Amino acid sequence: MKWLLLINWLSPPSFPQSTASLSGLLLDPSGAAIPQASLTLANPLSRFSQTTLSSASGSFLFTNIPFANYTLTAEKSGFAPLSRRLALRSNVPVSLDLTMSLASASNTLTVVDFEKEALVHPQDTGSHIEINRQDIDRLSLSPGTRGLEAALLTFPGFAQNANGAIHPRGAHNQMTFVVDGMPITDQLTGAFANAVDPAIVQTVELFTGNIPAEYGSKVAAVANVTTRGGLGAGRILGGSFTLGADSRDTLSTQAQFSGEKDRLGYSVSLSAMKTNRYLDPVSLANLHNGGNLERAFSRFDYQPSDRDTFRLNLMAGNSSFQLANLPSQQANGMDQRQGLRDFSVMLGWLRTLTPRATWDVTASVRSANATLTPSPGDIPVAAAQTRRLTTATLWNRLNTVRGRHTVKAGVDLQFFPVSERFTFAITDPSFNAPGSSGFIETLLAHDLSRGGKPFQFQDAASGGLYSAFLQDNISLGRWNIALGLRYDLYRFLTSGNHLQPRIGASYFLRETGTVLRASYNRTYQTPPNENLLLASSEKSSVLVAPNVRASLGQAVVRIRPERQNFYEVGLQQAIGSHLSADASFYHKDARDQQDNNNFFNTGIIFPMSLAAIRVNGVEGRLVLLPLHGFSATLSVTHARAISTPPFTGGLFIGNPGVILLSSGPFVIDHDQKLGMQSILEYTTRRGLFATVSTRYDSGLVTNPSDPAVVARDPDYASLLPYVNLSSNPPRTRPRAITNVGIGYKRERWEAAFQVSNVTNKTALYNFQSLFVGTRLAAPRTAALRLRWFF
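All of these numbers come straight from a predicted model, not from anything done at the bench.

Engineer: Would you mind showing me how to read the overall build of the protein chain here?
Structural biologist: A count of helical and extended segments in the protein chain gives 9 helices and 41 strands. In terms of C-alpha radius of gyration, the protein chain reaches 27 Å, essentially the compact-globule figure of 28 Å for 790 residues. Overall, the C-alpha framework of the protein chain stretches about 95 × 50 × 45 Å when taken along its three principal axes. For the protein chain, the residues scored as buried account for 58% of the 790 residues in total. Long-range pairs, those at least 24 residues apart, make up 69% of the contacts in the protein chain between residues at least 6 apart in sequence. Just so you have it, the protein chain exposes about 29700 Å², and 59% of that area is on carbon and sulfur atoms. Distance from the positive charge centre (70 side chains) to the negative charge centre (56 side chains) of the protein chain: 2 Å.

Engineer: What is the right way to look at unusual backbone geometry in this model?
Structural biologist: With the exception of glycine, the majority of residues adopt a negative phi angle, and the majority of peptide bonds are in the trans configuration. Note that the residue after Pro645, namely Pro646, is joined by a cis bond; omega there is 15°. Here the residue pair Asn728 and Pro729 is connected by a cis peptide bond, since its omega of 0° sits within 30 degrees of zero. Residue position: Pro729 is located in the loop between strand 35 (723-724) and strand 36 (731-732). One non-glycine residue, Asn531, adopts positive backbone phi at about 60°. With respect to the secondary-structure elements, Asn531 resides in the loop between strand 27 (514-525) and helix 6 (532-535). In this structure, Asn757 is a non-glycine residue whose phi angle is positive, near 50°. In this fold, Asn757 is placed in the loop between strand 38 (749-756) and strand 39 (764-769). Note on Asn757: relative accessible area 2%, which makes it buried.

Engineer: What is the right way to read a nonpolar patch on the surface from this model?
Structural biologist: A grouping of Phe241, Leu243, Leu688, Ile742, Tyr744, Trp749, Phe753, Leu784, Leu786 and Trp788 is seen on the molecular surface, where their side chains present a nonpolar patch of about 850 Å² in accessible area. Every element with two or more residues in the nonpolar patch is listed here: strand 15 (238-246), strand 37 (735-745), strand 38 and strand 41 (781-789). With 3 residues, the top contributor of residues to the nonpolar patch is strand 41. Mapped onto the secondary structure, Trp788 falls in strand 41. Taking relative accessible area as the criterion, Trp788 reaches 39% and is therefore assigned partly exposed.

Engineer: Help me understand the environment of Gly675 in this model?
Structural biologist: Note that Gly675 resides in strand 33 (residues 672-683). Gly675 sits 189 residues away from Arg486 along the chain, and the two C-alpha atoms are 33 Å apart. For Gly675, the residues in contact, after removing those within four places along its chain, are Ser635, Val636, Thr637, Tyr696 and Asp697.

Engineer: Which parts of the structure should I look at to understand empty space enclosed by the protein?
Structural biologist: To find leftover empty space, a probe the size of one water molecule is rolled over the atoms. Inspection of every chain in the model, using the stated rule, returns 19 cavities of 30 Å³ or more. Considering only enclosed or pocket space, the second largest cavity measures out at about 320 Å³ in volume. Among the secondary structure elements, those contributing two or more residues to the lining of the second largest cavity are strand 8 (128-132), strand 29 (579-598) and strand 30 (605-627). Considering every element that reaches the lining of the second largest cavity, the biggest residue donor is strand 29, with 5 residues. Looking at the lining of the second largest cavity residue by residue, the class counts come to 9 nonpolar, 10 polar and 6 charged.

Engineer: What is the right way to look at the packing of aromatic side chains in this model?
Structural biologist: We describe a pair of aromatic rings using the distance from one ring centre to the other and the angle between the two ring planes. Counted by the stated rule, this structure contains 16 aromatic pairs. A centroid spacing of 4.6 Å and a plane angle of 10° characterise the contact between Tyr278 and Phe321, whose relative ring orientation is stacked. With Tyr278 in the loop between strand 17 (264-275) and strand 18 (291-305) and Phe321 in strand 19 (residues 308-322), the pair connects residues that are 43 residues apart, well separated along the chain. There is no split in this pair, since Tyr278 and Phe321 are both buried. Between the aromatic rings of Phe566 and Tyr586, the centroid separation amounts to 6.1 Å while the plane-to-plane angle is 90°, which identifies the pairing as edge-to-face. Highlighted residues: Phe566 in strand 28 (residues 562-575) and Tyr586 in strand 29, separated in sequence by 20 residues. As far as the burial class goes, Phe566 and Tyr586 line up, both buried. Through a chain of ring-to-ring contacts, the aromatic side chains of Phe310, Trp349 and Trp359 assemble into a single cluster.

Engineer: How should the environment of Leu509 be read in this particular structure?
Structural biologist: Mapping Leu509 onto the fold places it in strand 26 (residues 495-509). For the pair Leu509 and Ile136, spaced 373 residues apart in the sequence, the C-alpha separation amounts to 32 Å. Contacts of Leu509, omitting those with residues within four sequence positions, involve Arg478 and Thr514.

Engineer: In this structure, what is going on with the pattern of salt bridges? I would like to understand it.
Structural biologist: Working definition: two side chains of opposite charge can pair if their charged atoms are close together. The tally for this structure, following the rule as stated, stands at 28 salt bridges. For Arg89, the salt bridge is made with Asp124, and the minimal N-O distance between the two is 3.3 Å. Taken as a pair, Arg89 in the loop between strand 6 (82-88) and strand 7 (94-99) and Asp124 in the loop between helix 2 (112-118) and strand 8 lie far apart in primary sequence, 35 residues in all. On the basis of relative accessibility, which here comes to 24%, the residue Arg89 falls in the partly exposed class. A salt bridge links Lys408 to Glu214; the shortest N-O distance between them is 3.2 Å. Separated by 194 residues along the polypeptide, Lys408 in strand 23 (residues 405-426) and Glu214 in the loop between strand 13 (201-207) and strand 14 (221-227) bring together distant segments of the chain. Summarising the burial analysis for this pair, Lys408 and Glu214 share the class buried. Each of Asp180, Arg299, Asp301 and Arg311 takes part in salt bridges that share partners, so that together they form one network.

Parameters and conventions
- Just so you know, the residues in each chain are numbered from 1, in the order the chain's sequence is written.
- Totals for whole chains, interfaces and linings use all residues, but because this is a predicted model, local features are given only for residues with pLDDT of at least 70 and pairs of side-chain atoms are given and counted only at 80 or more.
- By convention in this description, side-chain values take in all heavy atoms of the structure and omit both hydrogens and water.
- Strands are runs of DSSP state E lasting at least 2 residues, helices are runs of H or I lasting at least 4, and numbering of each runs from the N terminus.
- Put simply, the radius of gyration uses C-alpha atoms, and a globule should come to 2.2 Å times the residue count raised to 0.38.
- Accessibility here uses a 1.4 Å probe with only protein chains present; expressed as a share of the type maximum, an area under 20% marks a residue as buried, one over 50% as exposed, and anything in between as partly exposed.
- Between two residues, a contact is recorded if the distance between any of their heavy atoms is within 4.5 Å.
- Surface accessibility follows the Shrake-Rupley procedure with a 1.4 Å probe radius. Residue values consider only the protein chains on display as shielding.
- In this count, Lys and Arg are taken as positive residues and Asp and Glu as negative ones, while His and the chain termini are left out.
- A charged residue contributes its charge at one atom only: NZ of Lys, CZ of Arg, CG of Asp or CD of Glu.
- Two distance rules govern patches: like charges are joined within 9 Å, and nonpolar side chains (Val, Leu, Ile, Met, Phe, Trp, Tyr) within 5 Å, applied only to residues with over 30% relative accessible area and no salt bridge.
- The salt bridge criterion pairs a side-chain nitrogen of Lys or Arg with a carboxyl oxygen of Asp or Glu, the two atoms within 4 Å.
- Two kinds of site are reported from a 1 Å grid over the protein atoms alone, namely cavities, where a 1.4 Å probe fits but cannot get out, and pockets, open sets with protein on both sides within 12 Å along at least five of seven lines, and residues are called lining when an atom falls within 4 Å of a point.
- Grid points are joined across faces, edges and corners, and a volume is the space filled by probe spheres set on the points.
- Think of it as three bins: nonpolar holds Ala, Val, Leu, Ile, Met, Phe, Trp, Tyr, Cys and Pro, charged holds Asp, Glu, Lys and Arg, and polar takes everything else, Gly as well.
- In summary, the pairing rule links any two rings of Phe, Tyr or Trp, Trp by its six-membered ring, whose centres are within 6.5 Å, and it sorts them by plane angle into stacked for under 30 degrees, edge-to-face for over 60 and tilted for everything else.

Okay, here's the thing in structure tokens:
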């Protein structure tokens, strides 16, 4: 037995880069192994849970564990139950030997402190939440659910916008998804890029406050995604097959496979969807809005030794869809189409150097392509686009655990070639007519109705982001201190470098189950790469309104990285044994605010920036842990966002509102007084489950349009009841949308039925916004999902 203990200590198994692993031995009071004992590792707040059995030698192993705090329990007939609290926040393997007392010699186990600590996260020095695959699955009953963003909206801090877009804490997007160690900073919405498939997710760890120093580039929020793996499956082949349909002519199918053989594990997911409501429509009639989406994902884990683990991830997406028409465009036969393709490959290696240190390296390449195809009936403008963004990344991490210190240091290299081709021409003589309001004289050369020629742009360039960081999480009794420092060197159309301290502290009052926290972050957020060449080119100056050119001294100013100060204070509180509360207040102030301009409700976006932004926000979240089959969450968000012009970049053709907004500070469309998301779930032991979710939004800021002008416009007049243009600032009307789902799950099959927008509420996400255009929420939709397990 001593030799077993020595081997377990010397060679704890190493597992993938972005997750923890736990191994150990389960022993009786005499030191003998306890076989076939049930061990469960669980986090009640995220509802993540893994269960395994101890082997004949008493050994046990948990893998692919998201970083978090856990309760480990062990049960075996004839022994007293055992419970232990663990903080697993590094990929340095943890080895733990447990001794179970005999039932006859054991006292009743006291777990009061465990219950309080399980309801809060004492190590969290900033806003940080987890969600697991079960919760994501219950929220994604509709076959039209395309991306992971729908699940993130259940958290506080996000304002909902069209086509799956979300605004994290007053930012336009500026969000990073890290999939098994591969960073994705593309703007992942239905219109601009294929989103992360929620079906591949095991857990999501979301950071919106005190962002760890290892993350950079786009850090308004960071979603660390752990995908489903095959190691630990205990069988060669298993999986599921799913069919879905809804009342809005949507059909979907998905197949998933996973398993393991010796030291090799694998997981594969294939999915396809076809719908007549691909994007959120721009009119009540949902005109010209069909599309299809196909996605594939595979993950392979190979462990040649107890000290080495290799991982290969392959991910691809392809979508082809119509761009939704306004009534006048439909009458004119407009038939614009958008195509999006992406492919990613990631290779990772994790090496256990010592029982207290690991080194991991991740190399990844992601290519994203977008194509806009025009048609002869395009009005008021015709546009065509082909763009490609390739991102090659090399991440290096050294991890070590030394007493009270959990240290991580790294050097990251990122290289991104970009190519763009864009063609534009005016086709409607009433658009930009000489003498009209907002007339741009330089556009006459590209007005086909007046003898002009198309504007054409083509360019390619490459840039890089080179980074280094050091972070240390220190546990000092009731105190937890997070110290981080990051350095970024940015080289592209502009050049810059920035040193970014990231510091935070939390204090745990164990007696009352209270955690107090505070943090300060300095961040350096690089511009979006999509269409950055055109938005920053001298040639595009002819497309810019005169007042915007005047505010910039008649010159094109290139978009620079955003430099931001971010302050947060927060509180976590355990209430009784089943309720957890979290509240936070934050303030942001930034120079060179990053944003986007949407081109005529199309799938084309142009990066832009404003001189500054100031954001204040208050958030709260209540979580009811399972109690008599019921569980619930309530998230509340308030954000106030004030931007200061002038504008840089963008392509504001046909957006007269930019003239008004250029006059001084204004409330930007990320601002929302109140957003609320509630989820109530009931589950029985026999497999029946039901979910009721309600999303309330008080309304985003819209374009300052003249109501009289809108009333005369046949394309937009019917939308006036759903927007308040007389308020200051103008906003979409408040909306509350409720979804109800019910399902039944057995060992071999599952059936689920959902009705979305039960009350059939007609509502706008936004209206004539120069940032996102006009889009409507989906009407009442019934959906059915059938799934078979094997």
